[in-house]
Structures are given as C-alpha cells and as structure tokens.
Amino acid sequence: MMNPKTQNKVAIGTLYGVAGLVVLILLALLGYILVSGLPQLSWHFLTAPAKAFLKGGGVGVQLYNSFYLLILAMLISFPIALGAAIYLYEYAKDNWVTTTIRTAIEILSSLPSVVVGLFGFLFFVVKLRLGFSILSGAFALTFFNLPLLTRSIEDSLRTIDTTQREGGLALGLSRWETVTRVILPAAVPSILTGVILSAGRVFGEAAALIYTAGQSAPALDFTDWNPFNISSPLNPMRPAETLAVHIWKINSEGIMPDAKAISSGSSAVLVLAILLFNFAARYLGKRLYKRLTSA
Amino acid sequence: MFLSNDVQENTEMLERHIVQPADAEHPTILSTEDLHVYYGKKEAISEGDLRFASNQITALIGPSGSGKSTFLRSLNRMNDRIATVTGRIMYRGVDINQPSIDVYEMRRRVGMVFQRPNPFAKSIYDNIAFALRLRGTTDKHELDEIVETSLKQAALWNQVKDDLNKSALALSGGQAQRLCIARAIAVKPDILLLDEPASALDPVSTSQLEDTLLELKQNYSIIIVTHNMQQAGRISEYTAFFNQGRVLEYDTTSHIFTNPQVQITSDYVSGNFG
Ligand SMILES: Nc1ncnc2c1ncn2[C@@H]1O[C@H](COP(=O)(O)OP(=O)(O)OP(=O)(O)O)[C@@H](O)[C@H]1O
Ligand SMILES: [Mg+2]
C-alpha cells in the first residue's frame, strides 16, 4: 500500500504528464504548420488569385471569401441565436415544447458538418435553386453554427444571477426591459467571447461548404462593388471557395507544381486567423468585463 | 385524570394570537385578506391575514421554511409565475392581487430589497438612474438630484460621492446593500419590503443599515424579514411570528418579546425552539 502522500504525488505526476502530453502534441502540430507555412507567406500570396496549373498562385480570393462568408453567416445566425437563447432561458417554461427544442439543438450541434453540407446542397443548392453560391454557403454555415451559438449565448445568460433579474423586476421593469437593460449588458463580455470563438469555428469549416459555396473561386474585381455583377466581391450568388475548402481541394486534386507550398501557406494563414480569433475573444471579453466591473 | 395538568397548561397558552395595529396616527397602508400561497399543490401560506401600519417598521420572524419570504414576495407580486397566490392584498383600498393591476407600476410603489445585495453591472450612478430614465425622467439635473437624495437617505452618499461613475460591483457588501436600498427608494415607493437585508453583512454594516431603516421610516412603511431577534427588537414597532405557513402571533414588538401569548412564539423568541 502506498501512503496517501505518495499516492497524491503519483496522481499529480500522472495528471501533469497527461496535460503535458496534450500541450506537447498541440505545440508540435502548431509548430509544424507554422514552420512549414510561414515561409510561404508574402503579400503576394495573401492577395493574388489562385492559379490552377502554374506556379506562384495566391489565396487572395479564398481569404476574402472566407471573411465574407463568415460575416454573412454571423449576420444571419447571431440574431436568431440571440432570440432563441433569450426565449429559451428567459421566457420559456420547462415543458415538452422547450424540451423538444433543446433536444433538437443538442442533436443539431452534434451533427457532423458533412451532413449539414449535404443537407445544404440538397435543400439550398438544388431545391431552392441557389446554386453553388455564397448564399447557399452562408445558410449551411448558419445551420452549422446556430445550435452551438444558441447554447453558448444561453450559457452566458445562465451566468447572470437570478437576483439580477429579480432586482430589475422589483424596480418595476418589465421582463423585456429587465432582459435588455440589465441582463444582456451584464452578459455582453461572455456573449462576445462565445461569438468570436464560434467565428473561429466557422472560419475553419470546410465540409459544410464544399457542396454549398462550391469549390471554385472565380476572379474578383475589387473595384466593382455592385452586388449584381458576377465578378463583384459582394455578389452573393457567385460560387466561393474558402481558404479551408481550398486546402482540402489542393491536397486532394491540386495539379499546380507548388501545391504543397500553397497548402502549407494556406494552413498557416488559417491557423493564424483562428489563433487571432481566440486571443481577440479573450482580450475583448476580459477588457469589457473589467470596464463593466471597475471603470 | 393524570393528564389534566398538561391540559391545564395548554389552555393557558393560546394557539393563535393576532392583534392588528390600531394606531390612528399610523393608518393601515397594506393588508392581506384570506391570503393563500401555493407552490404547485403545496400550500406554503395558509393563514396570513395582516394589516401593516404606515410609516412603521413591521418585522416578520419565524423558523426557516415557515413562509416569511413567500409571504413578503407575494406582497409585490414577485411570486407571479412562481407560485399561485389567492386572496386579496389591499393597498390604499385597491386589491393589487388581481390580474388587471399593472404590476410594473405597482412594484414602483411597493419596492423590494433582497437578502443578497444585487447591484447591477453598471455604474453606481446608473444603478439608481437607469430605471428612472426608462420611465421618462431624462433631465440631467433632476436625475443628479434624485441620485444624491437617494444615496443620502441610504447613508451611502458620503462614501461614494466621488465615485459615482465607478462600477457598483466594486462596492463592499454593506455598501452594495445600501445602494440597493437607494435604488429602491429612488423610484419613490410607499412601501419598502426587505428580505433579511442584513444577513450577508458584518455587525458594523448591519448597525448602519438599521440606522438607515429607522431614518427611512419617516417616509416609508417598512416590512422586514429577519432572523435576528435583537434586530427585530431594536427597529420594529410590530412583529409577526410565522410558523409552518401560518401567522401564529401578531402584536406590537414589545408584546411579542416580553409577553408572548402563544407557546411556540415564546419558545422561538427565547431561543428554545426545537
Ligand atoms: N420556489 C419555490 N418552489 C417550491 N417551494 C418553495 C419555493 N420557495 C419556497 N418554497 C417552500 O415554501 C416554504 C416556505 O419557504 P420560504 O422561503 O417562504 O421560508 P422562509 O420563512 O423565508 O425561510 P428562511 O428563513 O429559510 O428564508 C418552504 O417549505 C419552502 O420549501
Ligand atoms: Mg426566506
């Protein structure tokens, strides 16, 4: 028999070992991606259009598409998720309706994104005749994002103590006023963190987009901002390969001579962007919280 | 009969003893009639008909789970959606326990302060001002003035007057609770309901809070739940003793503490409750 002290030491040692291993794997992964990718990065690489057969193509259009899709998907999914979360947490009583909604959200959030992509293909691309387009992609991403975002906002609301709600009601505020004037402002830092983290997930999503936003990136004319022109960056009906989809495609069927380098470079950009999202989430969340609690 | 002694003793003590306040200087401002409160099927208040005198402090005492909070929260309809409240709650001749009452307006007349201080994640100033702004007071001077008088009434002004724009979450527990009182009185209620407002505070803050309440009595009618017998004795004119959802004894505080008529009350106030 070990005595409790040794036992404790062994337990702590094991936990440190496991945690260290996880960190090590992550660092190795990140390091590999960055070491092989960073040398490929240049202004040209980040802005130039891709080339199908020749060396020296960039990912400018893909990068732009990723951000455009992200913003559209967020614009669609955030209001819906916010409304759903407020309804579920602040208004809905616990009955079979809300249980059903919650279960649906649970199932949706564990749905593999390939399935979401296929659904998007059948429904938006084919049935609604939206074709391979930014719009189809944005809707697919909304389906992918909505459950997780709703849950994260609901969790943010949950962190606000019920005594805050009672405080609002006791001052003669209506429930709506209490939610919008007391609860939401207090929950903003944590909601924001959730939104940015989910943005990172959306940004890196490929499977849901392959058959919805498509795998081609027609050249864009960045001087033409009329959304009805096919080469306009704003046109929501054009096919739009994103960075994540680009990586997948190059690796499966890229025939340009520098495919390996482009794939490494794109991966580095993707990882950097997602890291940026994460740090921004932490930083902004903390800052906002500080401003609310001490300013 | 060898039981006669016991019976004899029991008849000396009453089972219930209710003396409603009758003081012409302090007419009834709020009263409950035939009040019953149910959580689902469970009846949490079965006998609680009390009259509350204006500009006086009434203490609600009784063991844990006896229904004090339930009763208090019914008075400004904070139990809507949580419990079923039947019976009448008369406030200035109007039954405020009917569906047609504008509860939001009513709660501005019957304010409430909770056990745990719950300042909002806003500045000290906005904690007080924002509910007023929502109801149309937008004049900066007027708001400044209300914020100042409320903080003074709550005995907090001197400590925070230079920090009005700081977050209220940085206040100490006692300060936060006084801010909550300031916030409640800023909307100019008639009645202030307090549910164990001092239970999270240290003795110094508690005694400051008691002074504040004694001061506020001039302008407000106060009903306070407390577990602290000395506190009830120090600040209240009337005391109601709750047990298992019923008010067993109601009288002036001095009667309740020096000459209780009900055995359980006597046991409770003398600390022999078990
Ligand atoms: N939200 C609720 N749902 C169901 N039952 C409740 C609820 N709140 C209180 N009760 C029950 O009602 C009864 C009275 O509770 P109440 O909180 O009013 O007691 P109290 O006198 O305020 O006690 P304490 O001194 O501990 O605060 C208790 O049996 C309690 O379990
Ligand atoms: Mg209580």
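Chain A carries the name Phosphate transport system permease protein PstA in an unreviewed UniProt entry, which gives Levilactobacillus parabrevis ATCC 53295 as its organism. Under the Sequence similarities (unreviewed entry) heading, UniProt states for chain A: "Belongs to the binding-protein-dependent transport system permease family. CysTW subfamily." Taken from UniProt, the Subcellular location (unreviewed entry) comment for chain A reads in full: "Cell membrane".

(A) Structural view of the packing of aromatic side chains. What the rule picks out here adds up to 17 aromatic pairs over all chains. Among the aromatic residues, ring-to-ring pairing joins Phe119(A), Phe123(A), Phe124(A), Phe139(A) and Phe143(A) into one connected group. For the cation-ring pair, Arg175(A) lies above Tyr91(A), with the distance from its terminal atom to the ring centre recorded as 5.0 Å. If you follow Arg183(B) out to its NZ or CZ, it ends over the ring of Phe120(B), 4.0 Å from the centre.

(B) Focus on empty space enclosed by the protein. Going through the model one piece at a time under the given rule, you end up with 2 cavities of 30 Å³ or more. Computed from the structure, the largest cavity encloses a volume of approximately 60 Å³. Gly167(A), Ala170(A), Leu171(A), Met112(B), Val113(B), Phe114(B), Asn118(B), Cys180(B), Arg183(B) and Ala184(B) are the residues that line the largest cavity. Here the element with the most residues in the lining of the largest cavity is helix α7 (residues 173-186) of chain B; it accounts for 3 residues. Grouping the constituent residues of the lining of the largest cavity by class yields 7 nonpolar, 2 polar and 1 charged. Its volume calculated, the second largest cavity comes out at about 40 Å³. Forming the boundary of the second largest cavity are Ser66(A), Leu69(A), Leu70(A), Leu141(A), Val202(A), Phe203(A), Glu205(A), Leu209(A) and Thr242(A). Among the secondary structure elements, those contributing two or more residues to the lining of the second largest cavity are α3 (60-91) and α8 (175-203) of chain A. Ranked by residue count, the leading element in the lining of the second largest cavity is α3(A), at 3 residues.

(C) Quick peek at the interface of chain B and chain A. Taken residue by residue, the interface counts 26 residues in chain B and 24 residues in chain A. Counting the surface chain B buries against chain A, the share from its top three residues, Arg81(B), Phe120(B) and Leu134(B), is 24%. Taken together, the connections running from chain B to chain A amount to 3 salt bridges. The partner of Glu177(A) in a salt bridge is Arg135(B), with the nearest N and O atoms 3.0 Å apart. Viewed at the interface, chain A and chain B are joined by 8 residue pairs in polar contact (both at pLDDT 80 or more). Every element with two or more residues in the side of chain B that touches chain A is listed here: α3 (103-109), β8 (110-113), α4 (124-134) and α7 of chain B. Residues belonging to the side of chain B that touches chain A are distributed by class as follows: 13 nonpolar, 4 polar and 9 charged.

(D) Up close: unusual backbone geometry. All names here are of chain B. Notably, Asn-55 is not glycine yet its phi reads approximately 55 degrees, a positive angle. Topologically, Asn-55 is positioned in the loop between β4 (51-53) and β5 (57-61). Look at Ala-155: it is not a glycine, yet its phi comes out positive at around 60 degrees. As for its position among the elements, Ala-155 is in the loop between α5 (140-153) and α6 (157-160). Since its relative accessible area comes to 42%, Ala-155 is described here as partly exposed.

(E) Region of interest: the confidence of the model for chain B. All names here are of chain B. Chain-level statistics for chain B give a pLDDT mean of 90 and a share of 95% at 70 or above. Under a pLDDT of 50 for its full length, residues 1-10 has, in the predicted model, 0 contacts with residues more than four places off or in other chains. With a pTM of 0.86, the predicted complex shows an ipTM of 0.88.

(F) Region of interest: the environment of His255(B). Residues and elements named next belong to chain B. Mapped onto the elements, His-255 comes out in helix α10 (residues 253-258). Taking C-alpha positions, His-255 is 8.9 Å from Tyr-238, a pair spaced 17 residues apart along the chain. A distance of 3.5 Å separates a polar atom in the side chain of His-255 from a polar atom in the side chain of Asp-251.

(G) Representation of the nonpolar core in the model. Counting 108 residues, the largest nonpolar core has Leu151(B), Ile181(B), Leu213(B) and Ile222(B) as its most contacted members. No other element matches the 13 residues that α3(A) contributes to this core. For Leu151(B), the residues in contact, after removing those within four places along its chain, are Ile124(B), Ile128(B), Leu156(B), Trp157(B), Val160(B), Leu164(B), Leu179(B) and Ala182(B). The next biggest cluster of nonpolar side chains, apart from the first, holds 35 residues, and it includes Leu35(B), Met78(B), Ile89(B) and Met106(B).

(H) Quick look at the layout of surface pockets. For the largest pocket, the calculated volume is near 680 Å³. Surrounding the largest pocket, 25 residues form its lining, Glu90(A), Leu169(A), Arg175(A), Arg81(B) and Ile82(B) being those nearest its centre. The set of elements that each furnish at least two residues to the lining of the largest pocket consists of α3, α7 (162-170) and α8 of chain A together with α3 of chain B. Looking at the lining of the largest pocket, its residues break down into 11 nonpolar, 2 polar and 12 charged. Volume-wise, the second largest pocket comes out at about 290 Å³. Together, 18 residues line the second largest pocket, and Lys51(A), Ala52(A), His246(A), Lys249(A) and Met256(A) are the ones closest to its centre. Looking at the lining of the second largest pocket, the elements that each hand over two or more residues are α3 and α10 (243-253) of chain A. A total of 4 residues in the lining of the second largest pocket trace back to one element, the largest contributor, which is α10(A). Grouping the amino acids of the lining of the second largest pocket by side-chain chemistry returns 9 nonpolar, 5 polar and 4 charged.

Rules used throughout
Residues numbered from 1 in each chain as written. Chains lettered and ligands numbered in written order. Predicted model: local features only at pLDDT ≥ 70, side-chain atom pairs only at ≥ 80, totals over all residues. Heavy atoms only, no water. UniProt positions renumbered as here; feature names shortened; annotations may be inferred. Phe/Tyr/Trp six-rings, centres within 6.5 Å; stacked < 30°, edge-to-face > 60°. Lys NZ or Arg CZ within 6 Å of the ring centre and 35° of its normal. 1 Å grid on protein atoms, 1.4 Å probe; cavity = no way out; pocket = protein on both sides within 12 Å on 5 of 7 lines; lining within 4 Å. Points joined across faces, edges and corners; volume = space filled by probe spheres on them. Helix = DSSP H or I, 4+ residues; strand = E, 2+ residues; numbered from the N terminus. Nonpolar A, V, L, I, M, F, W, Y, C, P; charged D, E, K, R; others polar. Contact = heavy atoms within 4.5 Å. Buried area = accessible area lost by both parts, 1.4 Å probe. Salt bridge = Lys/Arg side-chain N within 4 Å of Asp/Glu carboxyl O. Polar contact = N/O pair within 3.5 Å; in protein donor to acceptor, adjacent residues only side chain to side chain. Buried < 20%, exposed > 50% of the residue type's maximum accessible area, 1.4 Å probe, protein only. pLDDT = per-residue confidence, 0-100. Core = buried A, V, L, I, M, F, W, Y, C linked by side-chain atoms within 4.5 Å.

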